[in-house]
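Structure at a glance
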Amino acid sequence: MPVLDKLHTLDEALRIAQALRTQGKRIVMTNGCYDLLHPGHIVHLQQARDLGDALFVAMNSDRSVRELKGPGRPVYGEMQRALALSALECVEVVLVFDSLSPLGVMAALCPEVYVKGGDYTIETINQQERALLESMGAEIRILPLVQDLSTSNLIERLQQRD
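An account of the accompanying structure is given in this report. (Residues numbered from 1 in each chain as written. Predicted model: local features only at pLDDT ≥ 70, side-chain atom pairs only at ≥ 80, totals over all residues. Heavy atoms only, no water.)

Notes on the sheet that holds strand 1 (residues 27-32)
Taken in spatial order, the five strands line up as 3-2-1-4-5 in an open sheet, and their pairing is parallel. The open sheet has two free edges, formed respectively by strand 3 (93-97) and strand 5 (139-143), since each of these has just one partner strand. Taking each pair of neighbouring strands and ignoring which way they run, the sheet shows an average axis angle of 25 degrees. As defined by bridge partners, strand 1 adjoins strand 4 (residues 113-117) across three bridges and the pair is classed as parallel. Within strand 4, the position partnered with Val28 by the bridge is Val113. Helix-sheet contacts for helix 2 (residues 39-49) involve strand 1, strand 2 (54-60), strand 4 and strand 5, and the interaxial angle to strand 2 is about 140 degrees. (Pairing = 2+ DSSP bridges. Helix = DSSP H or I, 4+ residues; strand = E, 2+ residues; numbered from the N terminus. Axes fitted to C-alpha atoms, helices over the stretch in contact; angles between N-to-C directions. Contact = heavy atoms within 4.5 Å.)

Okay, structure coming up:
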């Protein structure tokens with residue numbers, strides 16, 4: 001497997017973020033499962049990157065994806081998903097987290113900007129995460145959905161073809 005040079009532990013990601021901040025850079029964070037990376041993900045990640053200077057992507061572990069999405073998921077394992085994310089020029093850092101919420105990553109990283117996709121609103125994002133981000137002074141941005149592009153919809157369409 002090719003080297004995953006953008007895949008880092010949380011401690012490594014924190015060192016990278018600190019180095020970027022000493023240069024006056026703004027950290028943008030987003031998170032998700034990224035199971036079957038599709039054009040909607042790519043548009044969202046590019047738009048997120050444009051909101052700051054470096055995009056950090058917190059990706060759910062295989063265990064947490066199964067717990068969130070069910071026993072048939074993820075389609076690709078975390079190393080394959082991390083490889084796909086690492087290949088994107090707009091992504092600076094990929095880190096894997098094992099819990100259902102990225103709260104611990106958020107608390108440690110303290111991003112200047114946090115981004116979610118348009119399937120959420122400020123009222124429907126995890127309110128514990130929202131409170132933490134607001135207490136840190138992070139800007140919370142909800143980006144518009146790319147219509148008809150979601151992993152769940154894609155899997156459903158593929159299953160209907162059988």
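What follows continues from the structure just given.
A short note on the nonpolar core
Within soluble globular proteins, side chains that are nonpolar tend to cluster in buried spots. Counting 19 residues, the largest nonpolar core has Ile27, Met29 and Phe56 as the members making the most contacts within it. Counting residues per element, the ones that place at least two in this core are helix 1 (10-22), strand 1, strand 2, strand 3 and helix 5 (103-109). Here Ile27 is in contact with Ala17, Leu20, Arg21, Ala54, Phe56, Leu109, Pro111, Glu112 and Val113, once residues within four sequence places are set aside. Counting residues in each nonpolar core, the second largest holds 17 residues, with Ala48, Leu55, Ala82 and Val91 among its members. (Core = buried A, V, L, I, M, F, W, Y, C linked by side-chain atoms within 4.5 Å. Buried < 20%, exposed > 50% of the residue type's maximum accessible area, 1.4 Å probe, protein only.)

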